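Secondary and tertiary structure notes
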Amino acid sequence: MQKRLQDFVKSFGNPSPQVSETAKEDQKERFKEKILQFQFTPKDIKAYLDRFVIKQEEAKKVLSVAVCDHYNQVKEALMGRGPTHYVKQNVLLVGPSGVGKTYLIRCLADCIGVPMVKADATKFSETGYVGADVEDLVRELIQQAEGDIEIAQYGIIYLDEVDKLASSHFMGRDVSGRGVQSNLLKLLEETDVPIKAAHDVLGQMQSLFDFQRGSKAPRKTINTRYILFILSGAFEKLSEIVQRRIRRSHLGFQPHGPEGVPSDIIAEAQTVDFVEYGLEPEFIGRLPVRVFCQPLGKEDLFHVLRDSEGSILKQYKSSFAAYGIELKFTEEALHLIAEKAIEEKTGARGLMTICEKVLRPFRFELPGSCVRELEIDSFTVLDPEKRLGEILQKIEENKKNKENEQIEQFLLEFYKANEIRIHFHPDAIEALKQEAHEKGISVIDLCKEKFKNYSLGLKLIKKNNGTNDFILTKEDIQYLEETLNRWIATSYKSESPSQGQ
Ligand SMILES: Nc1ncnc2c1ncn2[C@@H]1O[C@H](COP(=O)(O)OP(=O)(O)OP(=O)(O)O)[C@@H](O)[C@H]1O
Ligand SMILES: [Mg+2]
């Protein structure tokens, strides 16, 4: 059995292990070097984040500090000088949807150059598999680190939607977020995770063969002591809880007025509020760094579009550029897009919804056309279809003009070559254009092809009766050969011009 399995695995072959192996090694080295050279200050990191993330000043500062601290510790550990008692600064990121939580962490991971894994906490609670799946996150980090366990141990795990793990979300349901929370507890602090999951058959086989091939026994576990966990969620009802607590403590004194919840009050949230929200005290206690992201206003969304280095406008511009079209936006248009995006109530995500709506008709019609530039102004934002209609009409007129020019050019060249003038009846011009469209060639090429025999034929007629000008109608064009023959025949009969104006 074992022999057969071995043959089976061998049969996959290994065509060019060198290439991929080198690439992997490179990536590993890059990760490692970046961490070893880690010498950012919190200000450096914030400056990097500023290039991409608009607003969220406080969040950027707190994250920069936490991350700098963490990776300074990691660096010490990599150089073998790690502290014996390191308390990790796992982060809890709170804020509404689409304001840049995930984006902040992505940019952070890029800046520091460590592998990062992102997942939704709901994935764990909904499937009901609680234990193994949470550990899968850690294993995924190893994949991100190209199989390097050491590097994976210094990665970032970003877990979204942790607010959905609160008990308040599971009333009357048999699956409990509490189970996920307690599984996370171990990971958040320090635990050894087996690098091959019990349910991972391929992985198990792989290690069996690695072992049999005589490669040194691989490490079996990965430690989570230096993995930075960043958990995030919207915690929608949290502001109300905070406000209630503050009111209670002020014994009826209402610092923020009688109605409504001020949007920034969520930043006052304390451990007790999260516990009341439904998170386990041990869980929230392991997330000492709390970061609050603010909702984005109209002006912020405008800056997200115009100033963020990761702006979606860049994406759209490059997708138009691929067809040789330069896409531009006026400032007014950007303000208007931001204004419309606010109504979507999905934070910066609304920008994409609006841009998509505005650009969709152009993205289909303009590639392959003669349009080289598209400027989106506020008029276009308000009624993209109308603007497209106008552009298409212009393209059509342009084409017609070009075709007329081509026909004139043909006639002129014919005259220069033969000293004989051909004239087309307006009907004939339309017929020629029509035929060119059907054949998918330019009208000048069509004319050159169709009137190949005409120079000789017309010269002969001119010799016979001195005719210099020839008018062709739509019917003549349809039967060019016959027309020419008829004219030639007549020219032998009459000495005087039979054709002409
Ligand atoms: N503050 C911001 N500055 C620049 N771009 C932003 C900002 N917020 C959001 N974006 C843009 O919007 C996209 C979506 O944001 P992101 O994924 O970070 O939302 P989120 O806060 O994680 O929301 P959710 O809670 O729904 O996951 C980002 O990829 C980014 O392009
Ligand atoms: Mg997110």
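Residues numbered from 1 in each chain as written. Chains lettered and ligands numbered in written order. Predicted model: local features only at pLDDT ≥ 70, side-chain atom pairs only at ≥ 80, totals over all residues. Heavy atoms only, no water.

Labelled according to an unreviewed UniProt entry, the protein chain appears under the name ATP-dependent protease, originating from Methylacidiphilum caldifontis.

Focus on helix α21 (residues 443-450)
Think of an α-helix as 3.6 residues a turn; residues three or four steps apart then line up on the same face. Put simply, the rule is: Note on classification: 1.4 Å probe, protein chains only; a residue is buried when its accessible area is under 20% of the maximum for its type, exposed when over 50%, partly exposed between these limits. Numbered from the N terminus, helices here are DSSP runs of H or I no shorter than four residues, and strands are runs of E no shorter than two. Arc, as used here, means the arc of the directions from the helix axis to the C-beta atoms. The contact rule is simple, with two residues in contact once any of their heavy atoms fall within 4.5 Å.
Looking only at α21, the buried set comprises Val 443, Ile 444, Leu 446 and Cys 447. What you see down the axis of α21 is that its buried residues fit within an arc of 160 degrees, all on one side. On its buried side, α21 packs onto α19 (384-418) and α20 (426-439).

So, the coordination of the magnesium ion (ligand 2)
Geometry sets the ideal angles at a metal, namely 109.5 degrees for four tetrahedral donors and 90 or 180 degrees for six octahedral donors. Rule in force here: Counted as donors are the N, O and S atoms within 2.8 Å of the metal, or 3.2 Å for Na, K and Ca, while water is not among the atoms, so some sites may look incomplete.
Ligation of the magnesium ion (ligand 2) by protein atoms is provided by Thr 102 (OG1) and Asp 160 (OD), these donors lying 2.0 to 2.6 Å from the ion. In this pair, Thr 102 is assigned in helix α5 (residues 101-112) and Asp 160 in strand β3 (residues 156-160), connecting sequence segments 58 residues apart. You can call Thr 102 buried: its relative accessible area is 18%.

Regarding the site of ligand 1
The cut-off we apply is this: Here, proximity means that at least one heavy atom of the residue falls within 4 Å of the molecule or strand. Under the rule applied, a polar contact is a pair of N or O atoms within 3.5 Å (in protein, one hydrogen donor and one hydrogen acceptor; residues adjacent in sequence only if both atoms are side-chain atoms). All accessible areas in this document rest on Shrake-Rupley with a 1.4 Å probe, and a residue is counted as covered only by the protein chains that are shown. When residue character is reported, Ala, Val, Leu, Ile, Met, Phe, Trp, Tyr, Cys and Pro are called nonpolar, Asp, Glu, Lys and Arg charged, and the others, Gly included, polar. Per the annotation, domain bounds derive from an automatic or database assignment of domains.
Around ligand 1 there are 17 residues in total, and Ile 54, Ser 97, Gly 98, Lys 101 and Thr 102 lie nearest to it. Between an oxygen atom of ligand 1 and a main-chain N or O atom of Gly 98, the distance comes to 2.7 Å. Residue Tyr 103 places a main-chain N or O atom 2.9 Å away from an oxygen atom belonging to ligand 1. Burial of ligand 1 by the protein chains amounts to 83% of its free accessible area of 630 Å². Here the shell around ligand 1 takes three residues from α5, the largest share from any one element. The residue makeup of the shell around ligand 1, split by class, is nine nonpolar, five polar and three charged. A domain-level breakdown of the shell around ligand 1 finds at least three residues from each of domain 1 (2-9 + 23-292) and domain 2 (298-382).

Description of the pattern of salt bridges
Counted only if it meets this: One speaks of a salt bridge when a side-chain nitrogen belonging to Lys or Arg is within 4 Å of a carboxyl oxygen belonging to Asp or Glu.
For the structure shown, the criterion picks out 22 salt bridges. Here Glu 356 ties to Arg 360 by a salt bridge, and the two come within 3.7 Å at their closest N and O atoms. Highlighted residues: Glu 356 and Arg 360, both in helix α17 (residues 349-365), separated by four residues, approximately one helical turn. Relative accessible area serves as the criterion here: at 53%, Arg 360 is assigned to the exposed category. What emerges from the salt-bridge pattern is a single network uniting Lys 46, Asp 50, Glu 57 and Lys 60.

Structural notes on unusual backbone geometry
Even without glycine at this site, Lys 55 takes up a positive phi of about 60 degrees. A residue is classified by how much of its surface remains accessible, and Lys 55, at 30% relative accessible area, is partly exposed. The backbone of Glu 419 shows a phi angle near 55 degrees, a positive value even though the residue is not glycine. With respect to the helices and strands, the residue Glu 419 is situated in the loop between α19 and β10 (421-424).

What to know about α5
What counts, and what does not: In this scheme, a helix's expected span is set at 1.5 Å multiplied by one less than its residue total.
Over its 12 residues, α5 runs 17 Å from end to end, which matches the ideal 16 Å to within 8%, given 1.5 Å per residue. Listed as buried for α5 are Lys 101, Thr 102, Leu 104, Ile 105, Cys 107, Leu 108, Ala 109, Cys 111 and Ile 112. The first or second residue beyond α5 is Gly 113, which carries a positive phi of 80 degrees.

With respect to the packing of aromatic side chains
Put simply, the rule is: Only Phe, Tyr and Trp rings take part, Trp by its six-membered ring, and two of them pair if their centres are within 6.5 Å. Stacked means planes under 30 degrees apart, edge-to-face means over 60, and tilted covers everything else. For a Lys NZ or an Arg CZ to count as sitting over a ring, it must be within 6 Å of the ring centre and within 35 degrees of the ring normal.
Considering all chains together, one arrives at 11 aromatic pairs under this definition. Measuring from ring centre to ring centre gives 5.9 Å for Phe 38 and Tyr 71, while their planes differ by 45 degrees; the resulting arrangement is tilted. Here Phe 38 is found in the loop between α2 (17-36) and α3 (42-52), whereas its partner Tyr 71 is found in helix α4 (residues 57-78), with 33 residues between them in sequence. Across this residue pair, the class does not change: Phe 38 and Tyr 71 are buried. Ring centres of Tyr 48 and Phe 52 lie 5.2 Å apart, and the angle between their planes is 45 degrees; this geometry places the pair in the tilted category. One end of the pair is Tyr 48 and the other is Phe 52, both in helix α3 and four residues apart, which spans about a single turn. Geometry around Tyr 415 places Arg 421 over its ring, the cationic atom sitting 3.9 Å from the centre.

A look at the packing of α19 against α20
The packing of two helices is summarised by the inter-axis angle and the distance between the axes. Selection criterion: To get an axis, a line is fitted to the C-alpha atoms, and for a helix only the part in contact is used. The angle between two axes follows their N-to-C directions and goes from 0 to 180 degrees. Angles below 35 degrees are treated as roughly parallel, those above 145 as roughly antiparallel, those between 65 and 115 as roughly perpendicular, and all remaining angles as oblique.
Two numbers describe how α19 lies on α20: the axes approach to 11 Å, and their chain directions differ by 110 degrees. Considered as vectors, α19 and α20 are oriented roughly perpendicular to each other. Where α19 approaches α20, its residues Lys 400, Glu 403, Asn 404 and Ile 407 are matched on the opposing element by Ile 429, Lys 433 and His 437. When the residues that make up the contact of α19 with α20 are grouped by side-chain class, the tally is two nonpolar, two polar and three charged.

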